[in-house]
Amino acid sequence: RKEVEQDPGPFNVPEGATVAFNCTYSNSASQSFFWYRQDCRKEPKLLMSVYSSGNEDGRFTAQLNRASQYISLLIRDSKLSDSATYLCVRMDSSYKLIFGSGTRLLVRP
Amino acid sequence: EPEVTQTPSHQVTQMGQEVILRCVPISNHLYFYWYRQILGQKVEFLVSFYNNEISEKSEIFDDQFSVERPDGSNFTLKIRSTKLEDSAMYFCASSEVWGFSNQPQHFGDGTRLSIL
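Residues numbered from 1 in each chain as written. Chains lettered and ligands numbered in written order. Predicted model: local features only at pLDDT ≥ 70, side-chain atom pairs only at ≥ 80, totals over all residues. Heavy atoms only, no water.

1. Quick notes on the overall build of chain A
Stage number 1. Summing up its helical and strand segments, chain A has zero helices and 11 strands in all.
Stage number 2. The globule rule puts the C-alpha radius of gyration for 109 residues at 13 Å, and the 13 Å found for chain A is close to it.
Stage number 3. Principal axes of the C-alpha set define a box for chain A whose edges measure 40 × 30 × 20 Å.
Stage number 4. Contacts in chain A between residues far apart in sequence, at least 24 positions, make up 55% of those at least 6 positions apart. (Helix = DSSP H or I, 4+ residues; strand = E, 2+ residues; numbered from the N terminus. Rg over C-alpha atoms; globule rule 2.2 N^0.38 Å. Contact = heavy atoms within 4.5 Å.)

In structure tokens:
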């Protein structure tokens, strides 16, 4: 089983739509989780950290379910500029980042 | 906003040659990392570095790879004898604190290494 598993997509949605991405992980000892965003041939950019209590940053909401080893990202009111690959990332016990392969989002006009 | 900077943005090298990739981490950060991403694949950890020594390295980081912090600002990755399969984007990252949860790493914009 992959350490961090994501649906590769692409998710093709109209502007204004709400879209949700899921991610599962296999190591229950994982310390921290993050969502990063990566544009084509660019560096990963931190979108948000993920907390068990759930956290929101503007149009973005992240949720962590440790019992199910499941992470989610919800994007409301999608913008064209949200088109990117969304990377689910866990930080392991030695503080290195383990990346998923990413979920590609395409927002169309 | 402070950022991690990397040079060069693109390096083209003949197989068997040595390359040095350079990074300037964010100034108050103490923990440094190299990752790589082969085209079409996921980002992979190479090495972490703290207090002038390697903290952890992956299986990819074999004897051909080395890292160094030659002065107070630069952090370099050297590949001694490059192979075709070393072609990838190499990302440097830094973080402020080690040992606490939810301390994100900030990435530079990468060096694209092309081995001919």
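2. Re the interface of chain B and chain A
Stage number 1. If you look at the interface, chain B gives 22 residues, while chain A gives 22 residues.
Stage number 2. Where chain B abuts chain A, roughly 1,900 Å² becomes buried across the two surfaces, and 56% of that area is made up of carbon and sulfur atoms.
Stage number 3. Along the contact surface separating chain B from chain A lie one salt bridge.
Stage number 4. The residue B:Glu56 makes a salt bridge to A:Lys96 at a minimum N-O spacing of 2.7 Å.
Stage number 5. Counting the contacts that link chain B with chain A gives six residue pairs in polar contact (both at pLDDT 80 or more).
Stage number 6. Looking at the side of chain B that touches chain A, the elements with two or more residues in it are strand S4 (31-37) and strand S9 (88-95) of chain B.
Stage number 7. Per-element tally for the side of chain B that touches chain A: the top contributor is S4(B), with three residues.
Stage number 8. Residues belonging to the side of chain B that touches chain A are distributed by class as follows: 11 nonpolar, seven polar and four charged. (Buried area = accessible area lost by both parts, 1.4 Å probe. Salt bridge = Lys/Arg side-chain N within 4 Å of Asp/Glu carboxyl O. Polar contact = N/O pair within 3.5 Å; in protein donor to acceptor, adjacent residues only side chain to side chain. Nonpolar A, V, L, I, M, F, W, Y, C, P; charged D, E, K, R; others polar.)

3. A few points about the sheet that holds strand S6 (residues 55-57) of chain A
Residues and elements named next belong to chain A.
Stage number 1. Taken together, five strands build an open sheet; the order of strands is S1-S3-S8-S7-S6 and the sheet is antiparallel. Either end of the sheet is taken by a strand with one partner, and the two such strands are strand S1 (4-6) and S6. Averaged over all pairs of adjacent strands, the angle between strand axes in this sheet comes to 20°, irrespective of strand direction.
Stage number 2. In the sheet, strand S3 (residues 19-25) pairs with strand S8 (residues 70-75) via six bridges, with the strands oriented antiparallel. (Pairing = 2+ DSSP bridges. Axes fitted to C-alpha atoms, helices over the stretch in contact; angles between N-to-C directions.)

4. Details of the state of the cysteines
Stage number 1. Tallied over the entire structure, the rule returns two disulfides over all chains.
Stage number 2. With its sulfur 2.0 Å from that of its partner, A:Cys23 forms a disulfide with A:Cys88. Every disulfide takes its handedness from the sign of the S-S torsion; for A:Cys23 and A:Cys88 that torsion is -80°, giving left-handed. A residue pair is termed long-range when its members are at least 10 positions apart, and A:Cys23 in strand S3 and A:Cys88 in strand S9 (residues 84-91) qualify at 65 residues. Side by side, A:Cys23 and A:Cys88 carry an identical accessibility label, which is buried.
Stage number 3. Disulfide partner of B:Cys23: B:Cys92, at an S-S distance of 1.9 Å. Residues B:Cys23 and B:Cys92 share a disulfide whose torsion about the S-S bond is about -65°; that sign makes it left-handed. Linking B:Cys23 in strand S3 (residues 19-24) with B:Cys92 in strand S9, this pair joins segments that are 69 residues apart in sequence. Residues B:Cys23 and B:Cys92 agree in their burial class; the two are buried. (Disulfide = S-S within 2.5 Å. Buried < 20%, exposed > 50% of the residue type's maximum accessible area, 1.4 Å probe, protein only.)

5. Side note on unusual backbone geometry
Stage number 1. Following A:Gly9, the chain continues into A:Pro10 via a peptide bond in cis, with omega recorded as 5°.
Stage number 2. Position of A:Pro10 among the secondary structure elements: in the loop between S1 and strand S2 (11-14).
Stage number 3. The residue after B:Thr7, namely B:Pro8, is reached through a cis peptide bond having omega -10°.
Stage number 4. Inspection of the secondary structure puts B:Pro8 in the loop between strand S1 (5-7) and strand S2 (10-13).
Stage number 5. With a phi angle near 60°, A:Arg41 is a residue other than glycine that sits in the positive phi range.
Stage number 6. In this fold, A:Arg41 is placed in the loop between strand S4 (32-38) and strand S5 (44-50).
Stage number 7. At B:Asn51, a residue that is not glycine, the phi angle is positive and equals roughly 55°.

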